[in-house]
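Descriptive structure summary
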Amino acid sequence: MEALLAALADPARWRLVNLLAERPRPVGVLAQLAGARQPQTTKHLQILERAGVVTSQRTGQRRIYALRPGPLHDLAAEFDRLAGTADQIGGARATYERYGLSLQAERGAAEGAGWADGRTFRFLQPLAGPPEAVWRHLTQHPLLTRWWTPDDLRVSELLFEARPGGRIVQEYRDSEDVNASDRVAGRAEGVVDDVLPGERLTYRLSPLLPDGSPAFTAHVDMSLGPTDLGTDLHVHWRITDSTVDAADFIAGIEIGFGQSLDRLAANLAAESPDTAPTDTTDTDAGSAR
């Protein structure tokens, strides 16, 4: 496949493929129609033949070249597969485009300091398991790292001290950046305000700009309510101290935190009651690097 793509990438060879798609032709005629010298045309045809897209046979003093459609059908099928993967409903590209639209709108609204103050975001996530199980996923480090990032990202550093006044540090990278060779995708710092185990958790969290200053402050209020099927998690975000540069972060709150909650729901659904963690003596999250 790579050899075929390399052969077709040259405009002169692509012109020859188009000519041969019409009918088999000899080298001399191909050179005339392509407006090239015959030695150059012969060299291009040899490259195409080695790539498997054309074939040739000698007839008297002439060599006739013909197109082999099979490799092109295979290539077209591969392109269709790639396009279908990228175009799947609800896939990563759709999320990328949705974020782009939100980004454009938020940047247009960010006209000065405080532009987003008072903005709120609300989430309701039904979860499997009782409130005490959900609480562990909200406060314990090993469980937090499994869900507290949007899709395609991973937690690279985390500190969550689940007590009033406790520190919060959250850093994440691309999920495939295992060697930390790319830039950090995001970092935030904050403090826990209130803790009522199994019922309510409130904290302040500020995403950091490249210079280390806060882009804005998110006041996050999480409340847990038991239901017949498990637990309803209500989350309320309120924005204060917004800077102009906060637009890029605020544009991703609805999408990114929504994805995080979906991951939380999946983790709880997969957690068997027989294997659920029972050690709740240490709810303070340590640092993972």
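Definitions and cut-offs
- Position labels on residues start from 1 in each chain and follow its written sequence.
- Restriction of local features to residues with pLDDT of at least 70 applies here, the model being predicted, together with a cutoff of 80 or more for giving and counting side-chain atom pairs; totals for whole chains, interfaces and linings are based on all residues.
- The basis for every side-chain value is the complete set of non-hydrogen atoms in the structure, without hydrogens or water.
- Strands here mean DSSP runs of E at least two residues long; helices mean DSSP runs of H or I at least four residues long; both are numbered from the N terminus.
- Between any two strands, at least two bridges found by DSSP are needed for them to pair.
- Contacts between residues were defined by any pair of non-hydrogen atoms, one from each residue, lying within 4.5 Å.
- Between N-to-C directions, angles cover 0 to 180 degrees, with each direction set by a line fitted to C-alpha atoms, over the stretch in contact for helices.
- Nonpolar cores are built from buried Ala, Val, Leu, Ile, Met, Phe, Trp, Tyr and Cys residues. Side-chain atoms within 4.5 Å join them into one set.
- Burial status follows relative accessibility: with a 1.4 Å probe on protein chains alone, a residue under 20% of its type maximum counts as buried, one over 50% as exposed, and anything between as partly exposed.

**A closer look at unusual backbone geometry**
Despite not being glycine, A180 shows a phi value in the positive range, around 55°. Tracing the chain through its elements places A180 in the loop between strand 6 (167-174) and strand 7 (186-196). A positive phi angle is found at D241, which is not glycine, with a value near 55°. Within the secondary structure, D241 is located in the loop between strand 10 (230-240) and helix 9 (247-250).

**A look at the sheet that holds strand 1 (residues 25-26)**
Strand order in the open sheet formed by 3 strands is 1-3-2, with antiparallel pairing between adjacent strands. One side of each edge strand has no neighbouring strand; the edge strands of this open sheet are strand 1 and strand 2 (54-59). In the sheet, strand 2 pairs with strand 3 (residues 62-67) via 6 bridges, with the strands oriented antiparallel. Bridging from a neighbouring strand, R58 pairs with R63 of strand 3. Contacts from helix 4 (residues 38-50) reach strand 2 and strand 3 within the one sheet, and its direction differs from that of strand 2 by about 120°.

**Quick word on the nonpolar core**
Ranked by size, the top nonpolar core spans 44 residues in total, and within it W148, Y203 and M222 carry the most contacts. Setting aside residues no more than four positions away along its own chain, M222 makes contact with L138, W147, E199, R200, L201, Y203, L233, H234, V235 and F257. Among the nonpolar cores identified, the runner-up in size contains 17 residues, and L8, L16, V17 and L48 belong to it.

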